[in-house]
Amino acid sequence: MRTRFTDLMGIRYPIVQGGMMWVGRAELASAVSNAGGLGMITALTQPTPDDLRREIDRCRTMTDMPFGVNLTILPSVSPPPYAEYRKAIIDSGVKVVETAGYKPQEHIDDFKGNGVKVIHKCTAVRHALSAERMGADVISIDGFECAGHPGEDDIPGLILIPAAADKVKIPMIASGGFGDGRGLVAALALGAEGINMGTRFCATAEAPIHPRIKQFLVDNDERSTNLIFRKFNNTGRVAKNSVSDEVVSISQREDAVFEDIRPLVSGAKGRTSLETGDIDAGLVWAGQVQGLIHDIPTCDALIVRIITEAQEIIKDRLARLSRI
Ligand SMILES: Cc1cc2nc3c(=O)[nH]c(=O)nc-3n(C[C@H](O)[C@H](O)[C@H](O)COP(=O)(O)O)c2cc1C
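Residues numbered from 1 in each chain as written. Predicted model: local features only at pLDDT ≥ 70, side-chain atom pairs only at ≥ 80, totals over all residues. Heavy atoms only, no water.

A.B. asks: Which residues make up the site of the ligand, and what values do they have?
C.D. replies: Surveying the vicinity of the ligand reveals 20 residues, the closest of which are G19, T72, K121, G177 and T199. In this structure, an oxygen atom belonging to the ligand sits 2.7 Å away from a main-chain N or O atom of G19. For the ligand, a nitrogen atom lies 2.8 Å from a polar atom in the side chain of T72. Considering the ligand on its own, with 600 Å² of exposed area, one finds that the protein chains cover 93% of that surface. (Near = heavy atom within 4 Å. Polar contact = N/O pair within 3.5 Å; in protein donor to acceptor, adjacent residues only side chain to side chain. Areas by Shrake-Rupley, 256 points an atom, 1.4 Å probe, with all protein chains shown as cover.)

A.B. asks: Explain the environment of C122 residue by residue, including any values.
C.D. replies: As for its placement among the helices and strands, C122 is situated in strand 5 (residues 117–122). The sequence separation of C122 and V247 amounts to 125 residues, and the corresponding C-alpha distance is 25 Å. Once residues lying within four places of it in the same chain are set aside, the contact partners of C122 are H127, A128, I139, S140, I141 and D142. (Helix = DSSP H or I, 4+ residues; strand = E, 2+ residues; numbered from the N terminus. Contact = heavy atoms within 4.5 Å.)

A.B. asks: Could you give me a rundown of the nonpolar core, with the residues and numbers involved?
C.D. replies: Ranked by internal contacts, the top residues of the largest apolar core, which has 76 residues, are L52, I139, I141 and F201. At seven residues, the largest contribution of residues to this core is made by helix 14 (residues 299–323). Apart from the residues within four sequence positions on either side, L52 is in contact with I41, A43, Q46, V69, Y85, A88 and I89. (Core = buried A, V, L, I, M, F, W, Y, C linked by side-chain atoms within 4.5 Å. Buried < 20%, exposed > 50% of the residue type's maximum accessible area, 1.4 Å probe, protein only.)

A.B. asks: Please provide a residue-by-residue account of the packing of helix 8 (residues 181–189) against helix 14, values included.
C.D. replies: Where helix 8 contacts helix 14, the axes come no closer than 7 Å and their chain directions differ by 60 degrees. Looking at the two axes, helix 8 sits oblique to helix 14. The two elements helix 8 and helix 14 meet at a crossing, and its hand is right-handed. Facing helix 8, whose interface residues are G181, R182, L184 and V185, helix 14 presents I306, I307, E309, A310, I313, I314 and L318. When the residues that make up the contact of helix 8 with helix 14 are grouped by side-chain class, the tally is eight nonpolar, one polar and two charged. (Axes fitted to C-alpha atoms, helices over the stretch in contact; angles between N-to-C directions. Parallel < 35°, antiparallel > 145°, perpendicular 65-115°, else oblique. Left-handed = near helix turned anticlockwise from the far one by under 90°. Nonpolar A, V, L, I, M, F, W, Y, C, P; charged D, E, K, R; others polar.)

What follows is the structure, encoded as structure tokens:
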């Protein structure tokens, strides 16, 4: 399945595994890349830039295929040393980066100046156009369905993807809510040249998280998410559990401030959930696509299934419709 995106990235299938805090490690990134997709290591999961260098080296021992690194740029009073993480990525010879978040210009400039292709992930057409102007090579447009930060506009993929495709000239992949071949065909029909998936890849054999969390994603359905941080203009979509329910309930108080929820939402607690399988230890980031996840396959089986299903839909179901 060739698109402008697969040609640009030198990969077999137009399927990307987006950056995921605590999950985007070498095990998962290499499994996705070995299956013909594009795996991503998540830079900030590594405590220091040197740890990131080692993780990239480790991934290289697990795959000969192209893989990328996600660099998430968060507004913060004490930000991580972004320039040093960026240098670690460039020095390591990684050829593609997924940037996400605020003000990516200096990162895009440096990556591009050093021959690294940039996929910029964003949640609004206006941000996609500004990333295109900044020199990004690919836009990953992330709809309201997605796990993580869907932005504040609440535009689902069915509108956001074609609205972006009407204006963005560089290749674009669609993100948020994708988990099967039907979604891939829909994304292609809406004007994207591939898909990016997060939650679906958490429920795979190689995802480095506790089996109970994978089963939790399988047992959940499309209603099993909460929107948090809305009040603080930094909306996040996470799985519904006792912690995210409590965050929602505290946030509904008129006088609630971030300090009231801070103890519940720490990254360390989320990590504990993922690693120990204690579903209610912290936030578990997951999207509405949980409603389409029914098993825990290997990445290879998942990607083969998505491509096979997509090809059947295109060649059989849609071709039959066009003959009517
Ligand atoms: C557990 C988890 C952690 C995530 N962490 C990040 C992150 O650190 N940076 C980022 O850009 N996106 C992050 N995301 C978002 C994904 O990269 C991707 O954009 C999103 O999951 C797509 O929506 P989907 O889950 O419906 O496939 C995360 C998603 C999940 C499920």
